[in-house]
Every structure is written in C-alpha cells, then in structure tokens.
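# Structure at a glance
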Amino acid sequence: MTPKATTVKLNNGLEMPVLGLGTWLSKEGEGIDAVKAAIDAGYRHIDTAYFYQNEKEVGEAIRAKIEEGVVQREDMFVTTKLWSTYHHPDHVEQAFQKSLENLNIDYIDLYLMHLPIGYKFIDWDTANLMPYDADGKLQFSDVDFIDTWKAMEKLLKTGKVKSIGVSNFNSEQITRLLAECEIKPVTNQVECNPSLNQRKLTEFCKNLDITLTAYSPLGRPNYYEKDPDNMPKPALDDPKVVEIGKKYEKTSGQVILRYLIDIGTIPIPKSSNPERIKQNIDIFDFKLTEDEIKTMDEFHTGKRTVPFSLCTEHKYFPFKIDF
C-alpha cells in the first residue's frame, strides 16, 4: 500500500500534509520526474519557490498526474514563495501572478514570503534575482516586511491563494508581524534538522498556532563533504541514528524525518532519486520513543547549513538572535 502523510490543521482551518517534497535545485527534466515520482509515491505536498526557477516544471508534473487520474487538483497542497526582489507592495501581486502562471494549476495553496529581507528591484524583464553591484556586493532594499505582508494579505481576497505564511523569520519578527497586521501566517518555513532542531522556535510558533516547516531536514551532506570545517556534520551516518534505524528496519534518513515530525515540524526533504523519494514518505508506521527523541536532540549544535551570509548587514537579517 502506498504510504500517505497525515495532515495538520492550520490556523485558518485548512489541512496541510505533515511531509512534503522539497524542490530546491531541481531543474528541467529532473524536477518534472521528481515531482511525478513523489505523487506516485503518495506525496500530496510539493514545495517550490519563484527563486528556484522550476515552478513551470513542478506545475507540468502535477498537471500530468491530474490528467492521468492519479490525483485531482484538490488532493494537492502546493507551496511557492515571493522572492526578495519583489518586496515592494506595488510588486507583490504581479510577482504572485507570475508564479501562478508558471505553475498553471488554477490556484496556489500556500504563498510564503521567502525572507524578511528585501533585495533591490531591477525590472521585470531580466531574471536578476540576486542584484549585485559592480563590486559584487548584494544590493538590498529597505522595504519593511510589514508592508510586504499587508500586500500579501490582499492576495487572499482574490481566491487564487488559500493561505499565506513566512520563511526564515525569527521570533521577534513574527511577534511584530502579529502586532501590526491582520492575518496570522499559517507557517514559518525555516532550516530545521538534527544539527539545528529549532526546538525553541517550534514551541514559540506552536503557542501562536503557527506551524513550523522544516527545510534541509537531513542537513546538507554534499556540502559537508566539500567543506567539513564550516558545515555542520549531518546525523545521517552517525552510529546512534543507524542503531535506531535497525530497530525499526528504517534508514537513517527515515529516522531523522520521523524525529522531525515527532517534535512537531513539517519536513520537506528534497530528492530526485525515486527510491529515496519513496523511502522519505515511508515513515508513518513507527514513532520514536522519548529516549530516542532525547538521543536525536543531542545532535543539536545550532549551526546552520544555510546561513544567508550575504545578508548579515541588512537590518532585518533574522539570525542575529537565538531563535
């Protein structure tokens, strides 16, 4: 039987599957094949972003599976994100429309602000998503993310998007957003894995009825191999994780994803390997014990694999505080 993720109820009453497919770095044919394989494997939650430049491929794969009769549109939960060059309120609706046209799936389930940090807007015609100056320095905008969020709130009235949320926000930024805006984000999507388990931020969000979506849930093993001095070591190969996996006849990756769900997050592992895609969703027939969760907690160092180091000078850089 094909596994299926359970769902969590969002603060607006809608349901979101507690596991999804991440698509960062999935491009062209690889992205189409990965999303098709994921839907065949039981995934109903797909995460993309305008910045990933693969929205068209994601949409094509979903439409193909709808045409095959594997799923209906309402079975799928599709997330995409507002990129940082389009933070000005005058640009938000057009940026959203571009994503909707790229996906071509009638509506978007969840639209996130990719970062609280705005980048300089160049124009609509060039795909200049990282606007560097002549010296190679990233150019920012000083648009307040509150104004960006208020423009996102208006999108809900169009019916073309069901929910809105944020990504890479810290607790203080969420607190400010709630104080100054009308609509609460349904989720905060952040890096979350055993090395950075986001326990404090998850609890903070939970108390506000905001879910926490976990990107890079398995760490970034490829990046660690290239730069072990600066990247946190993934827990994937650790004997303690392997041992837990043996008990349940699961891989280390499956143990990590189960851990992240057990501590209240929504992991979105990225893979283009059909076998790995199947493995990643086959985690709903076991749960970790309290002692096993404590063992997994021991991997937390607070070190990020995605530090957004180009943005440290921006006034809304989110990682200057603990959570």
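Numbering of residues begins from 1 in every chain and follows the order in which that chain's sequence is written. Reporting in this predicted model follows two pLDDT cut-offs: at least 70 for local features of residues, and 80 or more for side-chain atom pairs to be given and counted; totals over whole chains, interfaces and linings ignore these cut-offs and use all residues. The side-chain values count all of the structure's non-hydrogen atoms but skip hydrogen atoms and water molecules.

## A look at the nonpolar core
Inside soluble globular proteins, nonpolar side chains tend to come together where they are buried. Selection criterion: Only buried residues count toward a nonpolar core, which is a set of Ala, Val, Leu, Ile, Met, Phe, Trp, Tyr and Cys residues joined through side-chain atoms within 4.5 Å. Type-normalised accessible area, obtained with a 1.4 Å probe on protein chains alone, sets the label of each residue: buried when under 20%, exposed when over 50%, and partly exposed for intermediate values. For the purposes of this entry, the term helix denotes a DSSP run of H or I that reaches at least four residues, the term strand denotes a run of E that reaches at least two, and both are numbered from the N terminus.
In this structure, Tyr111, Leu288 and Met296 are the most contacted members of the largest nonpolar core, which totals 90 residues. Among the elements that take part in this core, helix H1 (residues 28-41) stands out by supplying 7 residues, more than any other. Among the nonpolar cores identified, the runner-up in size contains 7 residues, and Leu10, Leu112, Val186 and Ile266 belong to it.

## Regarding the environment of valine 186
By the secondary structure assignment, valine 186 is in the loop between helix H5 (171-180) and strand S8 (187-191). Residue classification places valine 186 among the buried positions, given a relative accessible area of 2%. Linking valine 186 and isoleucine 268, residues 82 residues apart in sequence, is a C-alpha distance of 16 Å.

## Focus: the environment of serine 84
Just so we agree on the cut-off: Here a residue-residue contact requires only that any non-hydrogen atoms of the pair lie within 4.5 Å.
Topologically, serine 84 is positioned in the loop between strand S5 (77-82) and helix H3 (89-103). Considering only alpha carbons, one finds serine 84 and leucine 115, 31 residues apart in sequence, at a separation of 6.5 Å. Residues in contact with serine 84, not counting those within four places in the same chain, are Leu115, Ile117, Gly118 and Tyr119.

## Some words on unusual backbone geometry
Located in the positive-phi region is asparagine 104, a residue other than glycine, with phi close to 55°. The backbone phi angle of aspartate 209 is positive, close to 60°, even though this residue is not glycine.

## Side note on the pairing of strand S7 (residues 161-167)
Looking down a regular strand, the side chains alternate between one sheet face and the other. Condition: At least two DSSP bridges between two strands are needed for those strands to be called paired. Handedness of a crossover is defined as follows: with both strands directed away from the viewer, a clockwise route from the first strand across the helix to the second makes it right-handed.
S7 sits mainly inside the fold: 6 of its 7 residues count as buried. Pairing analysis gives 2 bridges linking S7 to S8, with the strands arranged parallel. Looking across to S8, one finds that serine 167 is bridged to glutamine 189. Once you follow S7 into H5 and on to S8, the crossover reads as right-handed.

## Remarks on the packing of H3 against helix H4 (residues 145-156)
The following threshold applies: The angle between two axes is taken between their N-to-C directions and runs from 0 to 180 degrees, where each axis is a line fitted to C-alpha atoms and a helix contributes only its stretch in contact. Each angle is binned into one of four classes, with values under 35 degrees roughly parallel, values over 145 roughly antiparallel, values of 65 to 115 roughly perpendicular, and all other values oblique. Handedness of each helix crossing follows the sense of rotation of the near helix against the far helix: counterclockwise by less than a right angle gives left-handed, clockwise gives right-handed. Basically, the charged four are Asp, Glu, Lys and Arg, the nonpolar ten are Ala, Val, Leu, Ile, Met, Phe, Trp, Tyr, Cys and Pro, and anything else, Gly included, counts as polar.
Two numbers describe how H3 lies on H4: the axes approach to 8 Å, and their chain directions differ by 45°. Classified by the angle between their axes, H3 and H4 sit oblique to one another. Pair H3 / H4 crosses with right-handed handedness. Only Asp147, Thr148, Ala151, Met152 and Leu155 of H4 make contact with H3, whose side of the interface consists of Pro89, Val92, Glu93 and Phe96. Taken together, the residues that form the contact of H3 with H4 break down as 6 nonpolar, 1 polar and 2 charged.

## Description of the side chain of asparagine 193
Mapped onto the elements, asparagine 193 comes out in the loop between S8 and helix H6 (199-207). Using a relative accessible area of 2% as the deciding quantity, one classes asparagine 193 as buried. Excluding anything up to four places from it in sequence, asparagine 193 contacts Ser216, Pro217, Leu218, Gly219 and Leu260.

## What about the UniProt feature "site: Lowers pKa of active site Tyr" (unreviewed entry) in the chain?
As a reminder, the rule being used: UniProt positions are given in the numbering used here, feature names are shortened, and annotations may be inferred rather than shown by experiment. What qualifies as a polar contact is a pair of N or O atoms within 3.5 Å, subject to a donor-acceptor requirement within protein and to the restriction that residues adjacent in sequence count only when both atoms come from side chains.
UniProt's feature table lists "site: Lowers pKa of active site Tyr" (unreviewed entry) at Lys81, given in the numbering used throughout. Following the sequence through the fold, lysine 81 ends up in strand S5. Lysine 81 sits in the buried class, given a relative accessible area of 1%. Excluding residues within four positions of it along the chain, lysine 81 makes contact with Asp47, Thr48, Ala49, Tyr50, Tyr52, Ser99, Tyr111, Leu112, His114 and Gln189. At 2.6 Å, the side chain of lysine 81 and the side chain of aspartate 47 are in polar contact.

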